[in-house]
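Coordinates in review
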Amino acid sequence: MKLFLALVRWLFSRLLILLCIAALVVLIAIFSDWWKQRKAEELQLQALQTQLGELNRRIQERRADLSLEKRYLRLREQEPSRWTSPFQWLQWKKEIEMTGVLIDKKNAELQRLRHGKEKLVQEIEIAGRTLYHTQQLLLKTLRNSVTTILVLCVLVFLGPLCWRAFWYFCVAGLAKHASAVQLEKNGDAENVSVKQSQKNLPVQLQPGEMLVTRMAWLHQYAPTARKKTRFLLNWNSPFTSYAAGLAELTEVSVPSDAAPTEIVLTSGENPDTYICEVLLDNHRGIVVYPSQVVALTGNLQLKTRWTLLNPHSWIAGRLRYIHFSGTGKLFIQGRGGVDAVKLNGQAVRISESILTAFETTLSFSTARTETFWPYYRGMTPLFDYQFEGNGLILRQTAPPSKTSDSAAVRFFDALLNGIGKLLGF
């Protein structure tokens, strides 16, 4: 459930961001299209007005130019006698006809210019109405989008608050009434002991004993020790062994005729990592993150237990519990050290980030954190783990440091870790 919760939270937050971006893109696109269309219509209107001014100027020039009319009247007044001056009369007649043709051409051009002016006036009126309609269309679109914009704003500003409040008051409140998870019934006290954690942990192997460890953790051993590669911790559970990281291991053994051998386990990656030795003697089971197991010896069995019907398992995101049982030693890593917390009937709450292991006889449940504000601000998780009964809890001394990777890297890392956690790894 925690994986589902994390995915839903991530998707919901990203959905809000995408909705805001989509709304902003739509608004920008609408405004950009409107602005381009408006500028084009304004340019067209300006061009039409320029053409209209040019036509008016040409019409005024043609109307103001009366030279042809004056010449025609002057020729009419100076008409020679057809009988006394026939040659002059013929020349006069030709000239007056030519002047009349020029006047007709002028009037035709004026008529054409007036007709063009009327068409331009109509086009200007249409362009003006189109420009007004474009402005009204933008205002109408904005008015119709006000509700959507307000809803998006409410989701952006109040959505995270409402979402977190829903999980805090509703889901976490219902979790109080669910029964706790208990993998094993209470019985006799289990024989388990925990030694003090160290950065460099020496391990004594007696003749005939064998230790299986991760390759990167074996840094010192005696020449009498024999090494070989074990590709899987348990071939009966190949998927669990491989997915838990218990693959490509180093098997260190001591021949039966050799002297006791000491090997040293050390973290080669993080200097703040400590190693703790947990001794189990015919133990029913201790739930451990397999990824925190460094090495093991003895006859330990790797088992799984599914709890699909318990709400706390869904809330914790842990549907399958992997535990080690039998007789042997577990070597567990922890940041800053590994501390043992012994419960004798009392209840204790512990942060998920520092939990390392717990015995199967303890009852497990999820408990809501006491304050809402740190959870809302993302400073604390919504749930803490609560254990009750008789048994042992192992916890890290220091919580894991926050990573400085990018948001995408953190998301995929959280996604993969969440899937692994859901399966008990």
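Along each chain, numbering runs from 1 in the same order as the chain's sequence is written. Since the coordinates come from a predicted model, pLDDT governs what is reported: local features require at least 70, and pairs of side-chain atoms require 80 or more to be given and counted, while whole-chain, interface and lining totals use all residues. Excluded from the side-chain calculations are hydrogens and water; all other atoms, namely the structure's heavy atoms, are used.

Moving on: the pattern of salt bridges. Definition used for salt bridges: Asp or Glu carboxyl oxygen within 4 Å of a side-chain nitrogen of Lys or Arg. Evaluation of the coordinates by the stated rule reveals seven salt bridges. For Arg305, the salt bridge goes to Glu184, with nearest N and O atoms at 3.5 Å. Taken together, the residues span a long stretch of sequence, with Arg305 in strand S10 (residues 293–306) and Glu184 in the loop between strand S1 (181–182) and strand S2 (191–194) at a distance of 121 residues. Accessibility expressed as a relative area gives 31% for Arg305, which makes it partly exposed. The closest approach of N and O atoms between Glu251 and Lys228, which form a salt bridge, is 3.6 Å. Here Glu251, found in strand S7 (residues 247–253), pairs with Lys228, found in strand S6 (residues 226–232); they are 23 residues apart in sequence, far enough to count as distant. It is possible to trace a salt-bridge network through shared partners that takes in Lys195, Glu277 and Lys329. Under the DSSP-based scheme used, a helix requires at least four consecutive residues in state H or I and a strand at least two consecutive residues in state E, with every element numbered from the N terminus. To sort residues, take the accessible area from a 1.4 Å probe on protein chains only and compare it with the maximum for the residue type: under 20% means buried, over 50% means exposed, and anything in between is partly exposed.

A few words now on the nonpolar core. Buried residues of nine kinds, namely Ala, Val, Leu, Ile, Met, Phe, Trp, Tyr and Cys, make up a nonpolar core once their side-chain atoms join them within 4.5 Å. Core analysis: the largest hydrophobic core is formed by 22 residues, its most contacted members being Val278, Val288, Phe324, Leu330 and Leu394. Listing elements by their share of this core, those giving two or more residues are strand S9 (273–288), S10, strand S11 (320–335) and strand S15 (383–396). No other element matches the five residues that S9 contributes to this core. The criterion used for residue contact is that any of the two residues' heavy atoms lie within 4.5 Å. Not counting residues within four places of it along the chain, the set of residues in contact with Leu394 comprises Val194, Val278, Ile286, Ile332, Val338, Asp339, Ala340, Ile354, Leu355, Thr356 and Ala357.

A few words now on the packing of aromatic side chains. For Phe, Tyr and Trp, where Trp contributes only its six-membered ring, two rings pair if their centres lie within 6.5 Å, and the inter-plane angle classes them as stacked under 30 degrees, edge-to-face over 60, or tilted in between. Here the structure, examined in full by the defined rule, presents seven aromatic pairs. The interplanar angle of 75 degrees and the centroid separation of 6.0 Å between the aromatic rings of Phe166 and Trp167 together place this pair among those described as edge-to-face. Residue class for Phe166 comes out partly exposed when judged on its relative accessible area of 41%. Grouping aromatic residues by their ring pairs yields a cluster made of Tyr321, Phe358, Phe364, Tyr385 and Phe387. Across the ring face of Tyr168, the terminal group of Arg368 is positioned such that the distance to the ring centre comes to 4.5 Å. Either the NZ atom of lysine or the CZ atom of arginine qualifies as a charge over a ring when it sits within 6 Å of the ring centre and within 35 degrees of the ring normal.

The subject of this paragraph is the side chain of Thr99. The topology assignment puts Thr99 in helix H3 (residues 86–175). Classification of Thr99 by relative accessible area gives buried; the value is 1%. Those residues within four positions of Thr99 in sequence are excluded, and the remaining contacts are Leu68, Arg71, Tyr72 and Leu75.

Two elements, S2 and S9, share four bridges in a ladder whose sense is antiparallel. Its bridge partner being in S9, Asn191 is matched across the sheet by Asp281. Only strands that DSSP links by at least two bridges are regarded as paired with each other. Judged from the 11 bridges that link them, S9 and S11 form a sheet pairing that is antiparallel. Along S11, the bridge assignment pairs Tyr274 with Gly334. Both S9 and strand S13 (residues 355–359) contribute to a ladder of three bridges, which runs antiparallel. Of the residues in S13, the one forming a bridge with Val287 is Phe358.

For Asn270, the position within the fold is in the loop between strand S8 (261–266) and S9. The exposure class of Asn270 is partly exposed, given its relative accessible area of 24%. A C-alpha to C-alpha distance of 9.9 Å links Asn270 and Lys199, two positions 71 residues apart in sequence. Within 3.5 Å is the distance limit for a polar contact, defined as a pair of N or O atoms, with the added protein rule that one can donate a hydrogen and the other accept it, and that residues adjacent in sequence qualify only through two side-chain atoms. Only 3.0 Å separates the side chain of Asn270 from the backbone nitrogen of Asp272, close enough to count as a polar contact.

So, about a nonpolar patch on the surface. The patches described consist of residues with a relative accessible area above 30% and no salt bridge, like charges being joined within 9 Å and nonpolar side chains (Val, Leu, Ile, Met, Phe, Trp, Tyr) within 5 Å. All accessibility values rest on the Shrake-Rupley procedure with a 1.4 Å probe; residue burial counts only the protein chains present in the view. On the surface, a cluster of nonpolar side chains totalling about 300 Å² of accessible area is made up of Leu15, Leu19, Val151 and Leu155. The set of elements that each furnish at least two residues to the nonpolar patch consists of helix H1 (2–64) and H3. Assignment of secondary structure puts Leu15 in helix H1.

Right, let's talk about the sheet that holds strand S5 (residues 218–220) for a bit. Taking strand neighbours across the sheet as the criterion, the three strands line up as S3-S8-S5 in an open arrangement whose pairing is antiparallel. Strands with a single pairing partner mark the edges of an open sheet, and in this sheet they are strand S3 (200–205) and S5. Shown here is a sheet whose adjacent strand axes are inclined to one another by a mean of 40 degrees, direction ignored. Pairing of S5 with S8 involves two bridges; the strand directions are antiparallel. In the strand pairing of S8, Gln220 is matched with Val264. For helices, the fitted line uses only the C-alpha atoms of the stretch in contact; every axis is such a line through C-alpha atoms, and the angle between N-to-C directions lies from 0 to 180 degrees.

Our next topic: empty space enclosed by the protein. Buriedness of a pocket was judged along seven lines, with at least five required to meet protein on both sides within 12 Å; pockets are open sets of points on a 1 Å grid over the protein atoms alone, cavities are sets where a 1.4 Å probe fits but cannot get out, and lining residues have an atom within 4 Å of a point. Grid points are joined across faces, edges and corners, and a volume is the space filled by probe spheres set on the points. Applying the stated criterion across every chain, the model contains two cavities of 30 Å³ or more. Roughly 40 Å³ of volume is contained in the largest cavity. Every residue along the wall of the largest cavity is listed here: Val212, Arg214, Leu233, Leu246, Leu249, Val293, Val294, Ala295 and Leu296. Estimated volume of the second largest cavity: approximately 40 Å³.

Within the secondary structure, Arg58 sits in helix H1. By relative accessible area, which is 26% here, Arg58 ends up partly exposed. Sequence separation of Arg58 and Leu110 is 52 residues, and the distance between their C-alpha atoms is 8.7 Å. Setting aside chain neighbours within four positions, we find Arg58 in contact with Glu109, Arg112 and Leu113.

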